[in-house]
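Survey of secondary and tertiary structure
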Amino acid sequence: MAEPMVLAYEERGSGPVLVCIHGFPLDRTMWINQLAGLAKVRRVVAVDLRGHGLSEDPAPAGYSMDLFADDVAATLDEIGEDSADVMALSMGGYVAFTLWRRHPQRVRSLILCCTKAEPDTDEGKKGRDDSAALVREQGMEALVDRLVKVMYAEGTPADVIEAGRRSMLATPPEVAIADLMAMKDREDSVPTLGTITVPALWIAGEADKIMPLDGAKAAAAGIPGSSFLSVAGGGHMTPVEKPAETNEALVNFLKRP
Ligand code: MLT
């Protein structure tokens, strides 16, 4: 396995760290509203996973959720934090479950957005191979065109979608392919749910076409003592699409006694 690397990040605010982990094939900029809205309660640190955004990776290969989680732990070392609140969306959620398994002492609380605990089905794994072939043969634009259709809920402003498109198109094709293979091979996190002993909040978009609401509710119910928020009209990018509702819940969760 490759060596863990310190990730590039953007930060705002002061106090205990909230580390934010983006989804596929995005970067830290998806957390723009949380960087602004949560800085009053946390030092918000939005990381770029390796190969994404400003975390350059000259030879992307052999990615895994273990490696991504170790990168987050190495980044906490770099900024001198023993532990952090961890917020993660979708693929970032797979990283967060893995961080909990590998480095539980680094996780003060977990906020899981628009994600799932189950591994890929056989059909899902085949879909990863098809997506990788699409990127290899036609480039990122073909993949991003396909993703944009399912990531955002109806009514999402065009400029919000355009910002997401730009960040996804900036992800190198080899990085997207390495992500897809890492997601395809990820571990089942369902058995992990019951082991989570830190406070947890699960946020789901009621209109998420990628992570159905019923599955999200069932997964959240598997985490002892967790809270669940479903956001009306929110899609797969609920923190981006519905920042006010999401941030209100996040501030309440983070300010809990
Ligand atoms: C993501 O948004 O990170 C992806 O939809 C996750 C996935 O494809 O499993």
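Note: the structure precedes this text.
Summary of the structure given here. Predicted, not measured: the structure shown is a model, and the values here were computed from it. (Residues numbered from 1 in each chain as written. Predicted model: local features only at pLDDT ≥ 70, side-chain atom pairs only at ≥ 80, totals over all residues. Heavy atoms only, no water.)

The relation between two aromatic rings is expressed through the spacing of the ring centres and the mutual angle of the planes. Following the criterion strictly, the structure yields two aromatic pairs and no others. Each ring, one from Phe-97 and one from Trp-202, has its centre 6.3 Å from the other, and the planes form 40°; the classification is tilted. Here Trp-202 lies in strand β6 (residues 200-205) and Phe-97 lies in helix α3 (residues 91-102), a separation of 105 residues in the sequence. Its guanidinium or amino end placed over the ring of Tyr-94, Arg-186 lies 3.9 Å from that ring's centre, counting from NZ or CZ. The ring of Phe-253 carries Arg-256 above its face, with NZ or CZ at 4.4 Å from the centroid. (Phe/Tyr/Trp six-rings, centres within 6.5 Å; stacked < 30°, edge-to-face > 60°. Helix = DSSP H or I, 4+ residues; strand = E, 2+ residues; numbered from the N terminus. Lys NZ or Arg CZ within 6 Å of the ring centre and 35° of its normal.)

All right, on to the site of the ligand then. Near the ligand, the surroundings consist of Gly-23, Phe-24, Ser-90, Met-91, Tyr-94, Arg-128, Met-183, Ile-210 and His-236. Here an oxygen atom of the ligand sits 2.9 Å away from a polar atom, N or O, in the main chain of Met-91. Here an oxygen atom of the ligand sits 2.5 Å away from a polar atom, N or O, in the side chain of Tyr-94. The fraction of the free accessible surface of the ligand (270 Å²) that becomes covered by protein chains is 90%. When atom positions are compared with the pocket grids, the ligand is found to occupy the largest pocket. Across the shell around the ligand, the residue classes break down as five nonpolar, three polar and one charged. (Near = heavy atom within 4 Å. Polar contact = N/O pair within 3.5 Å; in protein donor to acceptor, adjacent residues only side chain to side chain. Areas by Shrake-Rupley, 256 points an atom, 1.4 Å probe, with all protein chains shown as cover. 1 Å grid on protein atoms, 1.4 Å probe; cavity = no way out; pocket = protein on both sides within 12 Å on 5 of 7 lines; lining within 4 Å. Sits in = over half its atoms within 2 Å of the grid points. Nonpolar A, V, L, I, M, F, W, Y, C, P; charged D, E, K, R; others polar.)

The subject of this paragraph is the packing of helix α2 (residues 65-78) against α3. Where α2 contacts α3, the two axes come as close as 8 Å, and the packing angle between them is 75°. Taken together, α2 and α3 sit at an angle that is classed as roughly perpendicular. Judged by residue contacts, Met-65, Asp-66, Phe-68, Ala-69, Asp-70, Val-72 and Ala-73 of α2 engage Met-91, Tyr-94, Val-95, Thr-98, Leu-99 and Arg-102 from α3. Of the residues in the contact of α2 with α3, the class split is nine nonpolar, one polar and three charged. (Axes fitted to C-alpha atoms, helices over the stretch in contact; angles between N-to-C directions. Parallel < 35°, antiparallel > 145°, perpendicular 65-115°, else oblique. Contact = heavy atoms within 4.5 Å.)

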